[in-house]
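Architecture and fold: a report
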Amino acid sequence: MTNDKLFLSALKSNPVNRIPFWYMRQAGRYLPEYMERRKTAGSFLDLCYSPDFAVEVTLQPLKRYQMDAAILFSDILVVPQALGQHLEFRQGEGPVLTPVDTANKINGLSMEGFHEHLAPVYETVNRLGAAIPETTTLIGFAGAPWTVATYMVQGHGSPDQAAARSLAFQEEDVFQGLMDLLVKATSEYLIKQIEKGAEVIQLFDTWAGNLPDDQFRKWAIEPVKKIIENIRVNHPDIPIIGFPRGAGCRYPEYIRATGVTAVSIDTTLPLDWVRDHIQPLCPVQGNLDPLLLVAGGPQMEKRVLEILDCLSGGPFIFNLGHGIVPQTPPEHVARVSEIVREYQIK
Ligand code: CP3
């Protein structure tokens with residue numbers, strides 16, 4: 001055993017005496033104290049850009065469940081906003097942006113004022129380093145360029161990301177220009193987070209799974225590979241977790257080609273396949289279905305143990321396969337946390 005924090009040990013494939021855990025979207029609407037703070041802050045974006053509130057909200061789940069990692073409270077869409085795109089979060093509707101779907105509109109985005117806009121986020125990261133418990137690891141994050149671009153081009157979420165996929169087919173050069181800008185912006189954004197104290201980075205590629213394989217290489221692998229190269233120039237050892245959600249059998253190629261340290265796996269991957277084909281390549285994080293966390297009871301408990309039994313033999317971090325949803329009963333999060341914390345590694 002080393003003196004490393006548990007989560008960092010797992011990310012280095014070092015031995016651990018229990019399985020570390022945290023949950024994607026661990027801060028958010030399922031917590032009454034979050035709803036209370038969002039009301040006084042004004043809106044979700046007001047929370048993201050107020051270091052006082054963002055620190056408080058980041059800490060809320062840790063106080064209840066003592067996860068091994070804290071994730072910066074922010075959103076992947078602050079990056080397009082910092083590039084000059086209009087962004088709102090409407091109640092019950094999710095994010096709404098003014099679509100950038102032509103060469104002209106994409107050329108209208110710029111990095112001028114980018115870091116000034118994001119200064120409150122950097123300040124939040126800086127303060128979190130001192131605010132979290134000593135044994136807890138601080139995760140910084142960004143959206144991967146493909147996922148961020150799907151929202152930028154379409155102007156809102158969509159089940160099929162049709163606007164971005166069409167632009168990439170019909171005007172590849174224009175789309176490439178947007179992706180190049182996102183690679184540059186995201187690299188700089190993450191480097192600043194690391195300089196301010198983020199100890200691990202996670203790149204969320206929520207919509208990677210919907211790309212055909214040649215497009216997956218071009219838009220999910222290539223940009224992430226470049227971002228990781230850019231970060232590693234000055235931060236060669238920073239652990240970077242990739243989450244190419246829905247990538248299925250392409251996970252191994254993604255791991256080899258991008259140079260990620262670890263991957264977050266979604267709910268669909270068979271556990272024994274993950275054990276045999278992914279864990280030999282890198283540490284794995286995942287993958288309880290967030291809706292089972294809503295359901296609770298014996299079904300949830302059985303699955304938590306199945307995941308632990310299958311994956312705790314290799315480098316593993318317990319997590320969900322996607323983010324916590326608002327209707328999740330906090331007691332279920334408490335129960336899963338207890339099971340994971342008490343689990344004896346065989
Ligand atoms: O995990 C954490 O606790 C850290 C904070 C975090 C948020 N969003 C806060 C949030 C992180 C890491 C994200 C990532 C994010 N944001 C992703 C990638 C991961 C994923 O969930 O797929 C995406 C696609 C977004 C964009 C986004 N933000 C959408 C589509 C929505 C609306 C849907 C929804 O859940 O409301 C958001 C809003 C959002 N981001 C909320 C939170 C806490 C809810 C805002 C509120 O309080 O109303």
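This text goes with the structure placed above it.
Heads up: these notes are all about the structure in this document. Not measured: the values here are computed from a predicted model. (Residues numbered from 1 in each chain as written. Predicted model: local features only at pLDDT ≥ 70, side-chain atom pairs only at ≥ 80, totals over all residues. Heavy atoms only, no water.)

**Brief notes about the overall build of the protein chain**
Secondary structure assignment for the protein chain yields 17 helices and nine strands. Scaling as 2.2 N^0.38, a compact globule of 346 residues should have a C-alpha radius of gyration of about 20 Å, and the protein chain matches this with 19 Å. Projecting the C-alpha coordinates of the protein chain onto the three principal axes gives extents of approximately 60 × 45 × 40 Å. Relative to all contacts within the protein chain whose residues are 6 or more apart in sequence, the contacts with residues 24 or more apart total 72%. As displayed, the protein chain offers around 14100 Å² of accessible surface, 50% of which is attributable to carbon and sulfur atoms. Each charge sign in the protein chain was given a centre, from 31 positive and 40 negative side chains, and these centres are 3 Å apart. (Helix = DSSP H or I, 4+ residues; strand = E, 2+ residues; numbered from the N terminus. Rg over C-alpha atoms; globule rule 2.2 N^0.38 Å. Contact = heavy atoms within 4.5 Å. Areas by Shrake-Rupley, 256 points an atom, 1.4 Å probe, with all protein chains shown as cover. Lys, Arg positive; Asp, Glu negative; His and termini not counted. Charge placed at Lys NZ, Arg CZ, Asp CG, Glu CD.)

**Describing the nonpolar core**
Phe175, Val263 and Phe318 are the most contacted members of the largest nonpolar core, which has 126 residues in total. If one sorts the elements of this core by residue count, helix H11 (residues 172-195) sits on top with 11 residues. If we ignore the near neighbours within four places in the chain, the residues touching phenylalanine 318 are Ile19, Pro20, Phe21, Trp22, Tyr23, Gly286, Leu288, Val304, Ile307, Leu308, Val336 and Val340. (Core = buried A, V, L, I, M, F, W, Y, C linked by side-chain atoms within 4.5 Å. Buried < 20%, exposed > 50% of the residue type's maximum accessible area, 1.4 Å probe, protein only.)

**Digging into the state of the cysteines**
Throughout the structure, instances matching the rule amount to zero disulfides. Cysteine 249 takes part in no disulfide bond, and the closest cysteine sulfur, belonging to cysteine 282, lies 16 Å away. (Disulfide = S-S within 2.5 Å.)

**Here we look at the packing of aromatic side chains**
Per the counting criterion, the structure on display carries 11 aromatic pairs. When the centroid spacing of 6.0 Å and the interplanar angle of 50° are considered together, the rings of tyrosine 122 and tyrosine 189 count as tilted. In this pair, tyrosine 122 is assigned in helix H8 (residues 119-131) and tyrosine 189 in helix H11, connecting sequence segments 67 residues apart. Of the two residues, tyrosine 122 and tyrosine 189, neither departs from the other in class, the shared state being buried. A ring pair is formed by phenylalanine 204 and phenylalanine 243, whose centres lie 6.3 Å apart and whose planes are at 85°; its orientation type is edge-to-face. Here phenylalanine 204, found in strand E5 (residues 200-205), pairs with phenylalanine 243, found in strand E6 (residues 240-244); they are 39 residues apart in sequence, far enough to count as distant. Phenylalanine 243 carries the same exposure label as phenylalanine 204, and that label is buried. (Phe/Tyr/Trp six-rings, centres within 6.5 Å; stacked < 30°, edge-to-face > 60°.)

**Structural notes on the site of the ligand**
Taken together, 22 residues form the shell around the ligand, and within it Arg29, Tyr34, Arg38, Asp75 and His322 come nearest. A distance of 2.7 Å is found between an oxygen atom of the ligand and a backbone nitrogen or oxygen belonging to arginine 25. Here an oxygen atom of the ligand and a side-chain polar atom of tyrosine 34 are 2.5 Å apart. For the ligand, whose free accessible area comes to 870 Å², the fraction covered by protein is 88%. Going through the elements one at a time, helix H2 (32-41) and strand E3 (94-97) are the ones with two or more residues in the shell around the ligand. Residue composition of the shell around the ligand, by class: 13 nonpolar, five polar and four charged. (Near = heavy atom within 4 Å. Polar contact = N/O pair within 3.5 Å; in protein donor to acceptor, adjacent residues only side chain to side chain. Nonpolar A, V, L, I, M, F, W, Y, C, P; charged D, E, K, R; others polar.)

**Some thoughts on the sheet that holds strand E4 (residues 137-143)**
On the basis of which strands lie adjacent, the open sheet formed by seven strands has the order E1-E4-E5-E6-E7-E8-E9 and parallel pairing. Unpaired on one side and paired on the other, strand E1 (69-71) and strand E9 (316-320) mark the two borders of the sheet. Taken over all neighbouring pairs, the strand axes of this sheet differ in orientation by 25° on average, direction set aside. For E6 and strand E7 (residues 262-264), the ladder comprises two bridges, and the chain directions are parallel. Note on E7: the bridge partner recorded for isoleucine 241 is alanine 262. (Pairing = 2+ DSSP bridges. Axes fitted to C-alpha atoms, helices over the stretch in contact; angles between N-to-C directions.)

**Regarding helix H10 (residues 162-170)**
Turning to H10, its buried residues number three or more, namely Ala164, Leu167 and Ala168. Projected onto a plane normal to the axis of H10, the buried residues spread over an arc of 100° and lie on a single side. Along H10, the residues that are exposed and aim more than 90 degrees away from the buried face are Phe169 and Gln170. For H10, the elements touching its buried residues are helix H6 (103-107), helix H9 (145-154), H11 and helix H12 (213-234). (Arc of directions from axis to C-beta.)

**Looking at the pairing of strand E2 (residues 87-90)**
Where E2 lies against E3, four bridges are found, and the strand directions are antiparallel. Note that in E3 the partner of arginine 90 across the bridge is glycine 94.

Fair warning: the whole summary comes from geometry, so function is off the table for now.
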